[in-house]
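# Observations on chain architecture
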Amino acid sequence: MRLHSLALRDFRGVKDRIVRFRALGTTVVVGDNEVGKSSLVEAFGLIFDLPDDSKSTRIRDIQPVGQDVGPEVTVELSLAGRELTYSKRWLKNRSTELTIAEPDGRRQSWTGREAHNEAERLFHENVDPVLWQTLMVSQGQSLVLPTPADAEPLITAVTAESGTPVDGASMPLVTAVEHEFLRYWTPRGKPTGDFARSAKAVAAAELGFKQALQAMEEVQSDIRRAERLNLDLADVTARLTEHLAGVEALRERKQATDEILLRRDSVRSRAETARARLENHTRTRLERERLLDEVERFTKAHTELAARRADAELVAKTAAETVQAAEAALAEVVELKDLRRTDVQTAERRVSDLMDRAELDRLVGQQTELIDVRARIAAAWTILDRIKVDDALVAALEDARAAVVEARAALAAGVPEVSVRRLGSEPVELSGTGLEGNVPAELGFDESTEVLVSGELLVGVPGQVEVTVRAGGDAAALRSRVDDAVRREKDLLKKAGVKDVAAARELLRKADTATAELNEARRTEKSLTAGGDPGERIAVLTARLGTDEEAEDAGGKEAAVEGVPGQMSLFEEFASPHDTLFDDFDVPEPEPDDLSSAQRVLEEARSGLADAERLLTDAEFAAAQARKAADEDRSEAQNARARSELAGERLAAAVEALEAARAVLDDEAVAAAETEATAEVEAVLEELTAVQEQADEAGADQVAGELTHALAVATRLQGERDNLRDALRTTEGRLEQSGRDGLATRRDVAELELAAVRTEHDSLLRRAEAARRVHETLSRHRAEAQTKYSEPLQSRIEALGRSVYGPSFRVWLDDDLAVAERELDGVRLPVEALSTGAQEQMAIITRLAISHLVSTGEGSVPVIFDDALGWSDKARLRDMGALLGRAGDHGQVIILTCMPDRYEYVPKATFIKLDG
């Protein structure tokens, strides 16, 4: 079966769509989520499964939500050599139509239920349902490994290729052996039936005999245990009695030492009180000494700071008088400087007038030169505006010409050259496409021509013969390359406005010459206008120097100056030359005094001003220094006053604190109280020493610990004695019960029962082992046949897998022809132990191998993957893509995905984009 196209209308979220598939090769259908990719697979299943009058919920589910329309599906496919066009619409305006084109050209059509029944019959007769479900991977099922043992086309293919029938194990002997084997063993080799029950009976008898022997051993152990417990109990009881006597002696000793410890605690308490009182009196003495030291220290500091304050105030007064004198001298020098500045300004005005007149003469000459330079600039711009080429465009034209030459050379070398010659009287006509050179439409007698054919050449003798010469696929590519190169060259020549590359180079040379002329003229213009436009400066100087009568003449010339090129844009055209614009310009006559005399007077005035400025600088410096010194002295006097006042405040506070402390307790009373507290501490410490010596002699501090330890030992011994008593009673009870149970008799009976069941089991074991050996021999032969039978599929899987994983890849199949284990680099693992990505890749490889085996038979079907390769890394995607591309060489592979990047490595794949 080959699927050619699938059309959906009003199907779930699909309004109207048709998708066409390659009959041989790999087709990748790309679309976003919920755009309708999985709907294609669902639609194909529904059209063959359900008639148009079906009330199934599967039909209701595909109707667009909220729309009263009928879902419609149309499929075009090849089946058993026939071409089928099958369409069906459910729910609204129901209809079913089937058209079949037979191999001999006959066409048959059915409608309604007849069309459904005929399509269903053809599908089920020619498409194996197991193979169809095996090779169609729905969304989310890419990890499921196929078990295709029931797929009839695959069984036929492997049987034909291996030459091994699958029913060779049904002989009566094999059946009898299998029946005999199952009397004693399960299919997995576990004991069963009488054999299993016999084994269990032996195990139970062995357990009973073992338990009887163990019971006898436990009685002997209890006898030895009871004797040992009696001895241990007597020993612990004696030690406990002796230890309790020692505990009583320690209690009496502790009572005698408790009185000494009470006295020691009382003396220790009085000693702590005396120490606290002494520490308090010592702190009082130290505080009094601190206050006396502060009063003395602050008195000395206050006296020193008062003297410094008086000295600083005297210095500040003297500095203020110095500042007044310096500022008076400064005012006199400022007045002198103003007089000298007036003299300089007068001289500068006279010199400026004379310099302006000289500058006016120079500017008139510069303006004439500037007019000529700007005319050159305008001429250069006129040339450059007309030229459209540049270095990059000329280089592109040269590259395009080289590409044309190279492409035509490759075309001449890569396409066939056909030589045609007319020999007879009949006319020979020539026509075709993609022909190089001038090809005549008809050859004259004995005329010949040679033609390079990059497309198609038709050589014909009317009414007799016609020969077609076609170039291969490479020739079409070479022809396209020539056309592209020629088209690019024409586009570039049109852009440059020239007829060939030589003309473009000539224009580029003219542009370079004009650019050099423009740059040189611009540099000259820049130097002439470095100080501003001469015309503007001429107008300013003329207005500044002219008298009333001269101002009128200058005004007339000003109007002429406004039109000179110096005030125009570089891109304006020149209407006429301006060389004689200032021929009649009248420069004002200079003043009677010459410039050198005026400059000498100016220098003398400036020298006097400089002397006055130096005097002013010296006076300002002296005044500034005096003010700075006065500020520093005034600041020092203020700081001295503040420090003196602060010292006075501290002294007053210290005197007040000392007087307050003496009001509570005078200095002599403080010293007497500390002496008295010291004597009291010494007396109490002597008493404490005496009491401690008495406690040490009696060992009062150790008695309490010794008594506590002794009581703990007594408790432990009592517990040990009680445990021994309980264990002895328990052991004696077991011995008494064992005597009543008759354990020796039980042991003898168990031994007899064990011998009997062992005899019966040994007989069954011999028969079971014989049946197992025969069964294993026949099974081994069946396994060898099964291996030969499954070898074609296994070989296909390994051949495809090695292109992905390398030469060490191997697989093992189970009885259902499913991959059970995989070996890679010497490591053999069950399939379920592989990673998720490896399991998915194994499932895809297996399906492609199945498709390859059945691709040439009548029962072949497309391989369909919906959303696969989601767990593969980039390297695996590259290898799996190459594999999917090769699979398309043998059959039809259809891939549905929302991630087209996964399949970018599939060679020769056809990509179909579904829009939402």
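Computed from a predicted structure; not experimentally measured.

### Brief notes about the pairing of strand 2 (residues 14–20)
Where strand 1 (residues 2–11) lies against strand 2, six bridges are found, and the strand directions are antiparallel. Following the sheet pairing, arginine 9 is matched in strand 2 by aspartate 16. Hairpin connection of strand 1 to strand 2: two residues between the antiparallel strands, including arginine 12 at a positive phi of 50°.

### Comments concerning the pattern of salt bridges
Scanning all chains against the criterion turns up 50 salt bridges. Salt-bridge contacts for arginine 758 lead to glutamate 206; the nearest nitrogen and oxygen are separated by 3.0 Å. One end of the pair, arginine 758, is in helix 16 (residues 743–805); the other, glutamate 206, is in helix 7 (residues 193–386), with 552 residues separating them in the sequence. Under the relative-accessibility criterion, arginine 758 is labelled partly exposed at 39%. For the salt bridge of arginine 275 with glutamate 272, the shortest nitrogen-to-oxygen distance reads 3.2 Å. Of the two residues, arginine 275 and glutamate 272 both sit in helix 7, three residues apart, roughly one turn of that helix.

### A closer look at unusual backbone geometry
Excluding glycine, residues mostly carry a negative phi; peptide bonds, for their part, are mostly trans. The backbone of arginine 12 shows a phi angle near 50°, a positive value even though the residue is not glycine. Residue position: arginine 12 is located in the loop between strand 1 and strand 2. Although it is not a glycine, aspartate 825 adopts a positive phi angle of roughly 55°. In this structure, aspartate 825 sits in the loop between strand 15 (819–824) and strand 16 (827–830).

### Notes on the sheet that holds strand 2
With antiparallel pairing, six strands are arranged side by side in an open sheet as 2-1-4-5-6-7. Every interior strand has two partners, whereas the edge strands, strand 2 and strand 7 (107–111), have only one. Within the sheet, the average angular offset between the axes of one strand and its neighbour, ignoring direction, is 10°. In the sheet, strand 4 (residues 72–79) pairs with strand 5 (residues 82–89) via eight bridges, with the strands oriented antiparallel. Bridging from a neighbouring strand, leucine 77 pairs with leucine 84 of strand 5.

### Comments concerning the environment of methionine 216
Locating methionine 216 in the fold gives a position in helix 7. With a relative accessible area of 24%, methionine 216 lands in the partly exposed category.

### So, the packing of helix 17 (residues 836–854) against helix 18 (residues 874–887)
The geometry of helix 17 relative to helix 18 is characterised by a closest axis approach of 11 Å and an angle of 15° between their N-to-C directions. With respect to each other, helix 17 and helix 18 are oriented roughly parallel. Considering how the two elements wind past one another, helix 17 and helix 18 form a crossing that is left-handed. Contact with helix 17, carried on its side by Gln841, Ile844, Ile845 and Leu848, involves Arg876, Met880, Leu883, Leu884 and Ala887 of helix 18 and no other residues of that element. Residue classes in the contact of helix 17 with helix 18 are distributed as seven nonpolar, one polar and one charged.

### Some remarks on the sheet that holds strand 17 (residues 863–866)
Taken in spatial order, the five strands line up as 8-17-18-3-19 in an open sheet, and their pairing is parallel. The two strands at the open ends of the sheet, each matched to only one other strand, are strand 8 (136–137) and strand 19 (910–914). The pairing of strand 17 with strand 18 (residues 892–897) spans four bridges and is classified as parallel. Pairing of aspartate 866 across the sheet is with leucine 896, part of strand 18. Sheet strands touched by helix 18: strand 3 (25–31), strand 17 and strand 18. Its angle to strand 18, the strand with the most contacts, is close to 140°.

### Looking at the side chain of glutamate 102
Positionally, glutamate 102 belongs in the loop between strand 6 (95–101) and strand 7. Polar side-chain contacts of glutamate 102 include one of 3.3 Å to the side chain of arginine 82. Within the structure, the side chain of glutamate 102 is placed 3.1 Å from the side chain of glutamine 108, a separation counted as a polar contact. Leave out the neighbours within four places in its chain, and glutamate 102 touches Arg82 and Gln108.

Definitions and cut-offs
- Residues numbered from 1 in each chain as written.
- Predicted model: local features only at pLDDT ≥ 70, side-chain atom pairs only at ≥ 80, totals over all residues.
- Heavy atoms only, no water.
- Pairing = 2+ DSSP bridges.
- Helix = DSSP H or I, 4+ residues; strand = E, 2+ residues; numbered from the N terminus.
- Salt bridge = Lys/Arg side-chain N within 4 Å of Asp/Glu carboxyl O.
- Buried < 20%, exposed > 50% of the residue type's maximum accessible area, 1.4 Å probe, protein only.
- Axes fitted to C-alpha atoms, helices over the stretch in contact; angles between N-to-C directions.
- Parallel < 35°, antiparallel > 145°, perpendicular 65-115°, else oblique.
- Left-handed = near helix turned anticlockwise from the far one by under 90°.
- Contact = heavy atoms within 4.5 Å.
- Nonpolar A, V, L, I, M, F, W, Y, C, P; charged D, E, K, R; others polar.
- Polar contact = N/O pair within 3.5 Å; in protein donor to acceptor, adjacent residues only side chain to side chain.

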